[in-house]
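# Chains, contacts and geometry: an overview
Take a look at the letters that make up each chain.
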Amino acid sequence: MASKEMPLLYSYWRSSCSWRVRIALNLKEIPYDIKPISLIKGGGEQHCNDYREVNPMEQVPSLQIDGHTIVESLNIMHYLEETRPQRSLMPSDVYKRAKVREICEVIQSGIQPLQNLVVLIYVGEEKKKEWAQHWINRGLRAVEKLLTTCAGKYCVGDDITLADCCLIPQVFNARRFHVDLRPFPIILRIDRELENHPAFRAAHPSCQPDCPPEAK
């Protein structure tokens, strides 16, 4: 039986992993509250003892829902899909479902972690832009190739899926690191298609309660 408490999302305004979950919650029209966790304030609030009890990996997002705490963005989105199947973000066709997972996996395993804050700090200020550009380019080349076999209006066919939830934040990150996106016309087309969608707009970093005024 689902808890009547409002779901609580531990989120950072510019975290692409948090952003994925915000999009999914919005698309499924699930009301939720946000608890901002600054990844930079005081060395990072994700490392404090209280938050470590929420998420032992000391990362965002985490979602408290149905009396449980769920961590890892794709895991959270699959939980939402399985517990709230209305407004589904996964195709019914088995092959198309595999394509959605494929694109999500390339982004969440092959791109995002390699340009994540903790990795860039380790790489160092001097090399972080070159490092991020290399891995984002490598991953987006793979995503673009995959999209040639499955894209319709969106990543997989003509319905919005979890793949789109993962792709749009990654495109934002690519722009942050000044990646030339012209070699990826399908990705750019999908990004344009979704940039003004209400669920995606509401989840955008500039619309988050912890977004600094200069970034709005």
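About the cut-offs
- Residues numbered from 1 in each chain as written.
- Predicted model: local features only at pLDDT ≥ 70, side-chain atom pairs only at ≥ 80, totals over all residues.
- Heavy atoms only, no water.
- Helix = DSSP H or I, 4+ residues; strand = E, 2+ residues; numbered from the N terminus.
- Contact = heavy atoms within 4.5 Å.
- Buried < 20%, exposed > 50% of the residue type's maximum accessible area, 1.4 Å probe, protein only.
- Expected span 1.5 Å × (residues − 1).
- UniProt positions renumbered as here; feature names shortened; annotations may be inferred.
- Pairing = 2+ DSSP bridges.
- Axes fitted to C-alpha atoms, helices over the stretch in contact; angles between N-to-C directions.
- Phe/Tyr/Trp six-rings, centres within 6.5 Å; stacked < 30°, edge-to-face > 60°.

### Some points on the side chain of Gln112
- Relative to the helices and strands, Gln112 is located in the loop between α4 (94-110) and α5 (117-123).
- Contact partners of Gln112, with chain neighbours within four places excluded, come to Ser16, Cys17, Arg20, Ile107 and Gln170.

### As for helix α8 (residues 185-194)
- Among the residues of α8, those classed as buried are Ile186, Ile187, Leu188, Ile190, Asp191 and Leu194.
- On the buried face of α8, the contacting elements are α6 (128-150), α7 (162-176) and α9 (198-203).

### Description of α7
- Here α7 is 15 residues long and its end C-alpha atoms lie 22 Å apart, about the 21 Å a rise of 1.5 Å per residue gives.
- Among the 15 residues in α7, twelve count as buried, and that is most of the element.
- Those residues of α7 lying buried are Leu162, Ala163, Asp164, Cys165, Cys166, Leu167, Ile168, Pro169, Gln170, Val171, Asn173 and Ala174.
- Looking at the buried residues of α7, the elements they touch are α1 (16-27), α3 (73-83), α4, α6, α8 and α9.
- His178 occupies a position one or two residues after α7 and carries a positive phi of about 55°.

### Here's the deal with the UniProt feature "domain: GST C-terminal" (unreviewed entry) in the protein chain
- Under the present numbering, the feature "domain: GST C-terminal" (unreviewed entry) in UniProt falls on residues 93-213.
- The span residues 93-213 shows a helical share of 64% and a strand share of 0%, and its end C-alpha atoms are spaced 44 Å apart.

### Topic: the sheet that holds strand β4 (residues 68-71)
- Spatial ordering of the open sheet is given by β2-β1-β3-β4, a layout of four strands whose pairing is mixed. The open sheet terminates on both sides in strands that have one partner only, identified here as β2 (33-36) and β4. Sheet twist, expressed as the average angle between the axes of neighbouring strands with direction ignored, equals 20°.
- Examined bridge by bridge, strand β1 (residues 8-11) and strand β3 (residues 62-65) share three bridges and lie antiparallel to one another. Bridged to Leu8 within β3 is Gln64.
- Along the sheet, α1 contacts β1 and β2; its crossing angle with β1, the most-contacted strand, is approximately 150°.
- Contacting β3 and β4, α3 crosses the sheet at an angle of about 130° to β4.

### Overview of the packing of aromatic side chains
- Enumeration according to the criterion identifies four aromatic pairs in this entry.
- A ring pair is formed by Tyr12 and Trp13, whose centres lie 6.1 Å apart and whose planes are at 65°; its orientation type is edge-to-face. Residue Tyr12 shares its accessibility class with Trp13, and that shared class is buried.

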